[in-house]
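# Report on the structure
Spelled out from the first residue to the last, the chains are:
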Amino acid sequence: MATMRAAVYTTFSGPIIVQEVPKPTAPVGGLLLRVKACGVCRSDYHGWKGLDSDIVTHGLPFTPGHELSGVVVKLGLGTTKFQVGDRVAVPFILSCGSCRQCARNRPTICEAQGQPGFTMPGGFAEFVAVPRADRNVSLMPPKVSFLQAAALGCRLTTAYRAVMQQGRLQSGETVGVFGCGGLGLSAVMIALAAGDNVRVLAVDTSEEACNKALELGAWHAFNAKEGDEYIRARVAEVTGGFGADLTLDTAGFAATCENAVWCTRRGGRPWEPKSLAEVSDEKPEQYTVCL
């Protein structure tokens, strides 16, 4: 079959319509994936609004979607690590393996990265052509569902980098997570899984999100609708007046960034995801990363 169904927009901020489009082929060094699940991220919204330069450069019409998993249906020339029928998860950053950042083991800021749903058509389609497969694509364990795997390549990897690589979480520390959507809840889970006696403080304007954070194991959850002073006072109260060792702004709003900084203890570590590329490898302790 030469065509497939895909969700396409032809103008920024315009309607997204499922239509028949040409079916892609497996690229050299890559594979053709039958998509089984694809998440929705706020970055997809930004791209649809015309705020992502990669999509602007690619041009319209365009198919979004960068949190995907599926089944390999065809291998490109030179791909050796996979077989037709393999269940795989695809990260949203497809690193090149040869640039300066990849050589420093920092593939998430690869200088020549490709991104499904940004630099190339994405996962809101029946099939996706995935380049650089041997380097980037991962086999899924049998017990992991396609839905679960679709959450791994963007929100969970971003949260891992925040908590473990940039945040340098240590056992016994207190972590404040400001914003408990997909990224924030991923940070809650990673923090609790990664360190002994780690205590997580969750903050969100949604009671449902706060309850979910508690269900996952958060120490306390505070409703941000109560106001900035309430949040800052409650964090100070439960931490004995010191504040959290590590705070994460996982929402990207002025209020979440400001409260994250306010609630960080003296000498603590605030973090905000959009500024990762600005942090030095050599002396990270000299930087406060926020909006």
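The paragraphs below set out a description of the structure included in this document. These figures come from a predicted structure and were not determined experimentally. (Residues numbered from 1 in each chain as written. Predicted model: local features only at pLDDT ≥ 70, side-chain atom pairs only at ≥ 80, totals over all residues. Heavy atoms only, no water.)

### Brief notes about a nonpolar patch on the surface
Operational definition: Patches in this entry comprise residues that are over 30% relatively accessible and not in a salt bridge; like charges within 9 Å are linked, as are nonpolar side chains (Val, Leu, Ile, Met, Phe, Trp, Tyr) within 5 Å. Residue-level accessible areas treat just the shown protein chains as cover; the underlying method is Shrake-Rupley with a 1.4 Å probe. We count a salt bridge whenever a side-chain nitrogen from Lys or Arg sits within 4 Å of a carboxyl oxygen from Asp or Glu. Helix numbers and strand numbers start at the N terminus; a helix is a DSSP run of H or I with at least 4 residues, a strand a run of E with at least 2.
Taken together, the side chains of Phe12, Val56 and Leu60 make up a nonpolar region of the molecular surface, amounting to roughly 220 Å² of accessible area. With respect to the helices and strands, Phe12 occurs in the loop between strand E1 (3-9) and strand E2 (16-22).

### Remarks on the packing of aromatic side chains
Our working definition: Working definition: a ring pair exists when centres of Phe, Tyr or Trp rings (six-membered ring for Trp) sit within 6.5 Å. Plane angles under 30 degrees give stacked, over 60 give edge-to-face, the rest tilted. Accessible area is worked out with a 1.4 Å probe on protein chains only. A residue is then buried under 20% of its type maximum, exposed over 50%, and partly exposed in between. We count a charge as sitting over a ring when the NZ of a lysine or the CZ of an arginine lies within 6 Å of the ring centre and within 35 degrees of the ring normal.
One pass over the full model with this rule turns up 3 aromatic pairs. When the ring of Tyr9 is compared with that of Phe12, the centres are 6.2 Å apart and the planes differ by 50°; the resulting orientation is tilted. Residue Tyr9 is classed as buried on the basis of its relative accessible area, which comes to 0%. Aromatic ring contacts, followed pair by pair, group Tyr9, Phe12 and Phe62 into a single cluster. Directly above the ring of Phe127 sits Lys23, whose terminal nitrogen or CZ lies 4.3 Å from the centroid. One Lys or Arg, Arg199, reaches over the ring of Trp219 and ends 4.2 Å from the middle of that ring.

### Side note on the environment of Ala6
So the rule is basically this: Only heavy atoms enter the contact rule, under which two residues are in contact if any of them lie within 4.5 Å.
Position of Ala6 relative to the elements: it lies in strand E1. Sequence separation of Ala6 and Gly97 is 91 residues, and the distance between their C-alpha atoms is 30 Å. Dropping the residues within four chain positions of it, Ala6 is found in contact with Ile17, Val18, Gln19, Val21, Thr63, Phe124 and Ala125.

### So, the sheet that holds strand E3 (residues 31-39)
The cut-off we apply is this: Pairing between two strands requires that DSSP report at least two bridges joining them.
In space, the 5 strands of this open sheet follow the order E6-E3-E4-E5-E7, with antiparallel pairing throughout. Whereas interior strands pair on both sides, the edge strands pair on one side only; in this sheet they are strand E6 (127-130) and strand E7 (138-139). Direction of pairing for strand E5 (residues 87-90) relative to E7: antiparallel, over a ladder of 2 bridges. Bridge pairing in E7 links Ala89 to Ser138.

### Things to note about the side chain of Asp204
Cut-off, in case you're wondering: Charge counting treats Lys and Arg as positive and Asp and Glu as negative, with His and both chain ends excluded. We call two N or O atoms a polar contact when they sit within 3.5 Å, provided that within protein one can donate a hydrogen and the other can accept it, with sequence-adjacent residues counted only if both atoms are side-chain atoms.
Along the polypeptide, Asp204 turns up in strand E9 (residues 199-204). An unpaired buried charge is present at Asp204: no salt bridge exists, and Lys225, the closest side chain of opposite charge, is 8.3 Å distant. Separated by 2.8 Å, the side chain of Asp204 and the backbone nitrogen of Ser206 make a polar contact.

### What to know about the pattern of salt bridges
As enumerated under the stated definition, the model contains 6 salt bridges in all. Across the pair Glu126 and Arg5 runs a salt bridge, and its minimum N-O distance is 3.9 Å. Highlighted residues: Glu126 in the loop between helix H3 (100-103) and E6 and Arg5 in strand E1, separated in sequence by 121 residues. The residue Asp245 makes a salt bridge to Arg265 at a minimum N-O spacing of 2.6 Å. Taken together, the residues Asp245 in strand E11 (residues 244-249) and Arg265 in strand E12 (residues 264-271) connect sequence positions 20 residues apart. Of the residues examined, Asp245 reaches a relative accessible area of 14% and is grouped as buried. Accessibility expressed as a relative area gives 26% for Arg265, which makes it partly exposed.

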